[in-house]
Amino acid sequence: IADKLSKEEMESVFSKANVKLPRSIRLGIVKNIYCSVGDVVKPEDTVIEIDDEYGRTQSVTASLPGKVTKICTHIGDKISSGGLLMKISIPKDLP
């Protein structure tokens with residue numbers, strides 16, 4: 001149903017949230033991206049895998065339910081702690 005709303009209606013019903021590389025990972029390389037623009041994600045869904053500075057694979061999960069509106073990185077990109085990975089739209093009525 002969200003696909004049929006105008007931009008103004010979308011802004012009145014949905015907020016925007018950013019998914020960032022956790023501060024616990026100082027530097028990483030994007031290994032896999034598990035969602036696409038338009039996908040709906042739930043809390044704890046793995047959205048991206050990162051190889052951290054020690055060569056360990058770390059999962060980055062969604063913290064809120066929503067629809068992916070933009071993926072801000074690509075496989076192979078180096079990302080620093082707090083770096084933007086993707087943007088999602090979330091319903092405003094969530095606590």
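For the structure, see preceding data.
Report on the accompanying structure. Residue numbering note: each chain is counted from 1, following its sequence as written. Only residues with pLDDT of at least 70 are given local features in this predicted model, and only at 80 or more are side-chain atom pairs given and counted; all residues enter the totals for whole chains, interfaces and linings. Side-chain calculation: all heavy atoms of the structure are included, whereas hydrogens and water are not.

Moving on to the overall build of the protein chain. Helix and strand labels come from DSSP, where a helix needs a run of H or I of at least four residues and a strand needs a run of E of at least two; each type is numbered from the N terminus. Regarding its fold elements, the protein chain presents one helix and eight strands. Along its sequence from the N terminus, the protein chain presents helices and strands in the succession α-β-β-β-β-β-β-β-β. Here the protein chain holds 95 residues, and 29% of them are scored as buried. Here a residue-residue contact requires only that any non-hydrogen atoms of the pair lie within 4.5 Å. Taking all contacts inside the protein chain whose residues are at least 6 apart in sequence as the whole, residues at least 24 apart take part in 59%. The accessible surface values rely on the Shrake-Rupley method and a 1.4 Å probe; as for residues, cover is taken only from the protein chains in view. Of the roughly 6,100 Å² of accessible surface on the protein chain, 51% is carried by carbon and sulfur atoms. Think of it in three bands: residues with accessible area under 20% of the maximum for their type are buried, residues over 50% are exposed, and the middle band is partly exposed, with areas taken using a 1.4 Å probe on protein chains only.

Through backbone hydrogen bonds, the strands of a sheet pair up, either in parallel or in antiparallel fashion. One bridge is not enough; two strands pair if DSSP finds at least two bridges between them. Pairing in this open sheet of four strands is antiparallel, and the strands run β1-β8-β6-β3 from one edge to the other. The open sheet is flanked by β1 (14-20) and β3 (40-41), the only strands paired with a single partner. With two bridges connecting them, β3 and strand β6 (residues 66-71) associate as antiparallel partners. Within β6, the position partnered with Val 40 by the bridge is Lys 67.

By size, the foremost hydrophobic cluster in this structure holds 18 residues, and its most contacted members are Leu 21, Val 47, Ile 48, Ile 50, Val 60, Leu 85 and Met 86. Among the elements of the structure, β1, β4 (46-52) and β8 (84-91) are those that each provide at least two residues to this core. With four residues, β8 is the largest single contributor of residues to this core. Look past the residues within four positions of Met 86 in its chain and what remains in contact with it is Ala 17, Asn 18, Val 19, Cys 35, Val 47, Ile 48, Val 68, Lys 70, Ile 71 and Cys 72. Buried residues of nine kinds, namely Ala, Val, Leu, Ile, Met, Phe, Trp, Tyr and Cys, make up a nonpolar core once their side-chain atoms join them within 4.5 Å.

Turning to the pairing of β8, a few remarks are in order. By the bridge criterion, seven bridges tie β1 to β8 in an arrangement that is antiparallel. What sits directly across from Ser 15, in β8, is Ile 90. Relative to β8, β6 runs antiparallel, the two being bridged by four bridges. From the neighbouring strand, Lys 70 faces β8, where its bridge partner is Lys 87.

Keep in mind these numbers describe shape, not what the thing actually does.
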